[in-house]
Amino acid sequence: MKTIKKVLGGLFALALMVALFTGTGMEARAAEQIEVEITYIYVDNNGNNAIYIDSENVDAGTTWGSFFSSYAKCYENGTISNANAGNNWNTVSVQNTLYNDISQCSGNPITKFNSYVDVALVTFYGIPTGYRHGFYSFQALKNGEHIDSGTGWDFLVPTANEYGSEAAIEYAKDNLRMYDYIWNYCNVPGATWEVTAPRTPSQGQWDGYLVTINLPAGSSTKNSDTSDKNIEKQEVQTPENNYGVFQESVKQSVDTAIAAATKAAQEAAVAGKTADVKPVAIDTGVWISFKGDVYKKLQDSGLPVQITFFYKGARYRVDIPAGADLMSLVDENGYCGFLNLMAHFGGTKL
């Protein structure tokens, strides 16, 4: 045993000398860093919504649980000085997945959001008793034509205000200014805007509020009197961050599916066989609705459709048969949500 220890000791000493003289093997290498962007959405002590953004760099491979245990959260160390004392901070969104308890995502590694958003994302919600989770969607129109849209701007809604009531609409209007990206459109000179509650009864407790902004022809799409930082930051418009781009990408996917089905049918006919009909498969990520023109394209394709989407911490799939009348489901605002599709065609929780 002593002989083995001497041999091992000699090998280690030799390796150490090689490392010292060659500068390789024993050098400390800096770990890759990932920036974590932490957003706090909460109710302040005046009963209004507020938002605060923090950031911190962590080593690649760090888990969310490790991060949460070491990160000095702003609502604990007093950085958020105007937070309601009754806020419950258990609800958290990590990379757009909603959890009711931080421990549910503790074992997941921290990763960059996607190829377009080069940071990891986490949101803490300070929800006091008497409030529930809601969100804004918006559409900006200039001279009647669509120029921008999006969904998923979170805020907290008083439970005392029944969804769609005058009080609920007014509260949604009053708290919209916390989001510069939408508010800048509202403040364009000559612009008019309204907030509506487009939920249908089949959509349960979905507290989504739609902001429709009408911009006059020839107007600038930005208001120089307010901060443009959120607009400037979003230089690359992608299906992940822009509702309009997302809708166009879906229509392109339908065209591709139609072309593939036509080719398969032609090849099968030559071979004297019947082609297998594959559905138009669409994974919508965080988006939970289509506009009427997308449904028209899906309906006219003559193909079955399979839609996968994310809603309140879970993924769902809706299978729609070929030839289904989808346009009859589009509401007066020109949209149909996927929960409404589930009410008509059924769905599967994945």
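If you're wondering where the values come from, they're calculated on a predicted model, not measured in any experiment. (Residues numbered from 1 in each chain as written. Predicted model: local features only at pLDDT ≥ 70, side-chain atom pairs only at ≥ 80, totals over all residues. Heavy atoms only, no water.)

**Q** What is the right way to look at the side chain of T62 in this model?
**A** By the element assignment, T62 lies in the loop between β2 (49–59) and α2 (64–70). Looking at T62, its side chain comes within polar contact range of the main-chain oxygen of D59, at 2.6 Å. Other than its neighbours up to four places away in sequence, T62 contacts F67, P109 and I110. (Helix = DSSP H or I, 4+ residues; strand = E, 2+ residues; numbered from the N terminus. Polar contact = N/O pair within 3.5 Å; in protein donor to acceptor, adjacent residues only side chain to side chain. Contact = heavy atoms within 4.5 Å.)

**Q** Looking at this structure, how should I read the confidence of the model for the protein chain?
**A** Fine structural detail should not be taken from predicted coordinates in areas where pLDDT scores are low. The predicted model of the protein chain has a mean per-residue pLDDT of 78, with 79% of residues at 70 or higher. Across the protein chain, the secondary-structure element scoring lowest on mean pLDDT is helix α6 (residues 229–233), at 33, and the one scoring highest is helix α4 (residues 166–174), at 94. Under a pLDDT of 50 for its full length, residues 1–28 has, in the predicted model, four contacts with residues more than four places off or in other chains. Contacts for the low-pLDDT stretch residues 222–236, under 50 throughout, to residues beyond four places or in other chains number 23 contacts. (pLDDT = per-residue confidence, 0-100.)

**Q** For this particular structure, what's the right way to read the sheet that holds strand β1 (residues 33–43)?
**A** Sheet strands associate in pairs through backbone hydrogen bonding, adopting either a parallel or an antiparallel arrangement. The sheet built from five strands is open, its strands ordered β2-β1-β5-β3-β4 with mixed pairing. Strand pairing shows two members of the sheet lacking a second neighbour, β2 and β4 (97–99), which therefore form its edges. Strand after strand, the sheet turns through a mean of 20 degrees between neighbouring axes, direction not considered. Alignment of β1 against strand β5 (residues 120–126), held across seven bridges, turns out to be parallel. Bridging across to β5, V36 finds its partner in A120. (Pairing = 2+ DSSP bridges. Axes fitted to C-alpha atoms, helices over the stretch in contact; angles between N-to-C directions.)

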